[in-house]
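Residue-level structure breakdown
The lines below spell out each chain.
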Amino acid sequence: MVDQAVLDKLETGYAKLVASDSKSLLKKYLTKEIFDQLKTKKTSFGSTLLDVIQSGLENHDSGVGIYAPDAEAYTVFADLFDPIIEDYHTGFKKTDKHPPKNFGDVDTLGNLDPAGEFIVSTRVRCGRSLEGYPFNPCLTEAQYKEMEDKVSSTLSGLEGELKGTFYPLTGMAKDVQQKLIDDHFLFKEGDRFLQAANACRFWPTGRGIYHNDAKTFLVWCNEEDHLRIISMQQGGDLGEVYRRLVKAVNDIEKRIPFSHHDRLGFLTFCPTNLGTTVRASVHIKVPKLAANKAKLEEVASKFNLQVRGTRGEHTEAEGGIYDISNKRRMGLTEYEAVKEMHDGIAELIKIEKEL
Ligand code: ADP
Ligand code: CIR
C-alpha cells in the first residue's frame, strides 16, 4: 500500500506539472492514464512513483525529470521509463536489447584537433553501480561508509598511470574542494536535481574522489552513481583519453562486480546514463557557430550531440567554452558512443572553419 501522504503529494505535484510550461520528458510522457496506473505501485525496496518523479515535480526546468531509486524501478515503473528511454536514447524501444560491452579497437581514435585551435580539453566517463547495493535514495549511512571503504581499498591496488590516492569528501578543506570543482575534476555540491531525488542524504558521508597525480584518471565515489570512472586531459587527443579509460575500466571490473541488466546494459541512477553509461565530451571553442546558440544546438543535435555549459550540466558557457558530448548511451556499443562524439565534433570543427 502506498501511504495517503505520498498519494496526496503525487496528486498535487502532478497537477502543478500539468499546468506548467515544463519541457521535461516527464511532463511529455506522464499522461493521466499512466499516472493513475503507476501511483499505487511500489518496488520491494518500498520505492514509489513519487521517488521516481519528485525531482521533475520540484524542478520544472528538468530536461528529463526522473530517476530510478532502485534497479527494480526500471521494471515496476516501465510504462514511464520506457518511453523516456526511447526518446532520450533516440529510438531504443522497449523491445530492444542493449548490445554487449564492446570497447572496440582503441587504437583507431586519434587527436581531433592536432593544431590546438578549438579543443581545450577532452574527457570520457562512464558510470558503474556496485552489485548488491541499491541506488542513492535507498542507501543507509552504514552502506555509504562500507562502499567508500570498498572503493578506496580496491582502487589502492591500481598501478602505473592509474596509481593514485583516494580523498574522502568528509574532512576535505573547502578551498581544496572548490579548486577541484573549478578545475572540472570534482562533482559540484548541492545539485538541486539530485537533492530533490533524495540522492544527497548523509552528505558528505561515503562520497569521495580518487585521482592520479596528473589528474588524468579520476573516480568519483557515491555522487550520482556509485562510481564514475573518468579519463581526461588538456587538448583534443581523444585516442589517448579513451585508451586510458578502457584500461582503467577493465582493471576495476576485474576487482569489483558491477550491476548489469540483460536488456538495459549497465545500471545507473538516471535513465539517461543506462547502457554504455559513456559520455565522451570536449570543452570546445567554436565562436562563429556559437554566435547563435540556437544554431549551435541545432547543428549539434543533427550529429546526436548534446551541448552543456562549462561547469557541466545545467550551467552556462563561460569564455565561449562549451561542453559537447554524445547524447545517447544505449542501443550502441561503447566504441560507437565515443565514435559518435568523434565524428560529430570533426563535423562541427569543419563547419566552424568554413564560416
Ligand atoms: P557528468 O559528465 O558526470 O555527467 P557534468 O556534466 O556535471 O557531469 O560534468 C562534470 C564535470 O566535468 C564538470 O566540472 C564539467 O565541466 C567537467 N567536464 C566535462 N567535460 C569536460 C571536458 N571535456 N574537459 C574538462 N572538463 C569537463
Ligand atoms: C534533468 O532532468 O535535467 C536532470 N535530472 C538531469 C538529467 C540527465 N541529463 C542528461 O541530459 N544526461
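Residues numbered from 1 in each chain as written. Chains lettered and ligands numbered in written order. Predicted model: local features only at pLDDT ≥ 70, side-chain atom pairs only at ≥ 80, totals over all residues. Heavy atoms only, no water.

Here is the rule we go by: UniProt positions are given in the numbering used here, feature names are shortened, and annotations may be inferred rather than shown by experiment.
Per an unreviewed UniProt entry, the recorded name for the protein chain is arginine kinase, and the organism is Neodiprion lecontei. Reading the Sequence similarities (unreviewed entry) entry of the UniProt record for the protein chain gives the comment "Belongs to the ATP:guanido phosphotransferase family."

1. Re the side chain of Arg308
Keep this limit in mind: Note on conventions: DSSP H or I runs of at least 4 residues are helices, E runs of at least 2 residues are strands, and numbering of each starts at the N terminus. Categorising residues by exposure relies on relative accessible area from a 1.4 Å probe, with only protein chains included: less than 20% of the type maximum marks a residue as buried, more than 50% marks it as exposed, and the intermediate range marks it as partly exposed. We call two N or O atoms a polar contact when they sit within 3.5 Å, provided that within protein one can donate a hydrogen and the other can accept it, with sequence-adjacent residues counted only if both atoms are side-chain atoms. Any two residues whose heavy atoms approach within 4.5 Å are treated as being in contact.
Relative to the elements of secondary structure, Arg308 occurs in strand β9 (residues 305-308). Here Arg308 falls in the buried class, since its relative accessible area comes to 12%. A polar contact is formed between the side chain of Arg308 and the side chain of Gln306, at a distance of 3.0 Å. Residues within four places of Arg308 in sequence aside, it is in contact with Arg279, Glu313, Tyr322, Asp323 and Arg329.

2. Let's talk about the packing of aromatic side chains
In this description, an aromatic ring pair is defined by two values, namely the gap between the centres and the angle between the planes. The condition is simple: Between the rings of Phe, Tyr and Trp (Trp by its six-membered ring), a pair exists once the centres lie within 6.5 Å; its type follows the angle of the planes, with under 30 degrees stacked, over 60 edge-to-face, and the other angles tilted.
Under the counting rule described, the total for this entry stands at nine aromatic pairs. When the centroid spacing of 4.2 Å and the interplanar angle of 10° are considered together, the rings of Tyr14 and Phe35 count as stacked. With Tyr14 in helix α1 (residues 4-19) and Phe35 in helix α3 (residues 32-38), this residue pair connects regions lying 21 residues apart in the sequence. You'll find Tyr14 and Phe35 in the same group, each marked buried.

3. Here's the deal with the pattern of salt bridges
Two side chains carrying opposite charge are able to pair once their charged atoms lie near each other. The criterion, for reference: The term salt bridge refers to a pairing of a side-chain nitrogen on Lys or Arg with a carboxyl oxygen on Asp or Glu at a separation within 4 Å.
Inspection of the entire model under this criterion finds 27 salt bridges. With its nearest N and O atoms 3.4 Å apart, the salt bridge here joins Glu224 to Arg228. Take Glu224: its relative accessible area is 11%, and that puts it in the buried class. The partner of Asp323 in a salt bridge is Arg279, and the shortest N-O contact between them spans 2.9 Å. Here Arg279 lies in strand β8 (residues 279-285) and Asp323 lies in strand β10 (residues 321-326), a separation of 44 residues in the sequence. We classify Asp323 as buried; its relative accessible area is 3%. For Arg279, a relative accessible area of 4% gives the class buried.

4. Here we look at the site of ligand 1
Going by this rule: Throughout this document, a residue counts as near a molecule or strand when at least one of its heavy atoms sits within 4 Å of that molecule or strand. Each accessible area is a Shrake-Rupley estimate made with a 1.4 Å probe; only the visible protein chains count as cover when residues are assessed.
Near ligand 1, the surroundings consist of 19 residues, among which Ser121, Arg123, Arg125, Ser281 and Arg308 are the closest. Between ligand 1 and His184, the relevant distance is 2.8 Å, taken from an oxygen atom to a side-chain nitrogen or oxygen of the residue. About the coverage of ligand 1: the protein hides 93% of its 560 Å² of free accessible area. Among the secondary structure elements, those contributing two or more residues to the shell around ligand 1 are β1 (119-128), β5 (227-234) and β8.

5. Some remarks on the UniProt feature "domain: Phosphagen kinase N-terminal" (unreviewed entry) in the protein chain
UniProt annotation of "domain: Phosphagen kinase N-terminal" (unreviewed entry) refers to residues 6-90 when read in the numbering used here. Counted over residues 6-90, helix gives 60% and strand 0%. Its end C-alpha atoms are 33 Å apart.

6. Some remarks on the packing of α1 against helix α4 (residues 49-58)
Counted only if it meets this: The angle between two axes is taken between their N-to-C directions and runs from 0 to 180 degrees, where each axis is a line fitted to C-alpha atoms and a helix contributes only its stretch in contact. Put simply, a crossing is left-handed when the front helix is turned counterclockwise from the back one by less than a right angle, and right-handed when it is turned clockwise. Side-chain classes follow a simple rule in which Ala, Val, Leu, Ile, Met, Phe, Trp, Tyr, Cys and Pro form the nonpolar group, Asp, Glu, Lys and Arg form the charged group, and the remainder, Gly included, forms the polar group.
Where α1 meets α4, the closest approach of the two axes is 10 Å, and the angle between their N-to-C directions is 35°. When the axes of α1 and α4 are compared, the crossing they make is left-handed. Of the residues in α4, those in contact with Val6, Lys9, Leu10, Gly13, Tyr14 and Leu17 of α1 are Leu49, Leu50, Ile53, Gly56 and Leu57. Taken together, the residues that form the contact of α1 with α4 break down as eight nonpolar, two polar and one charged.

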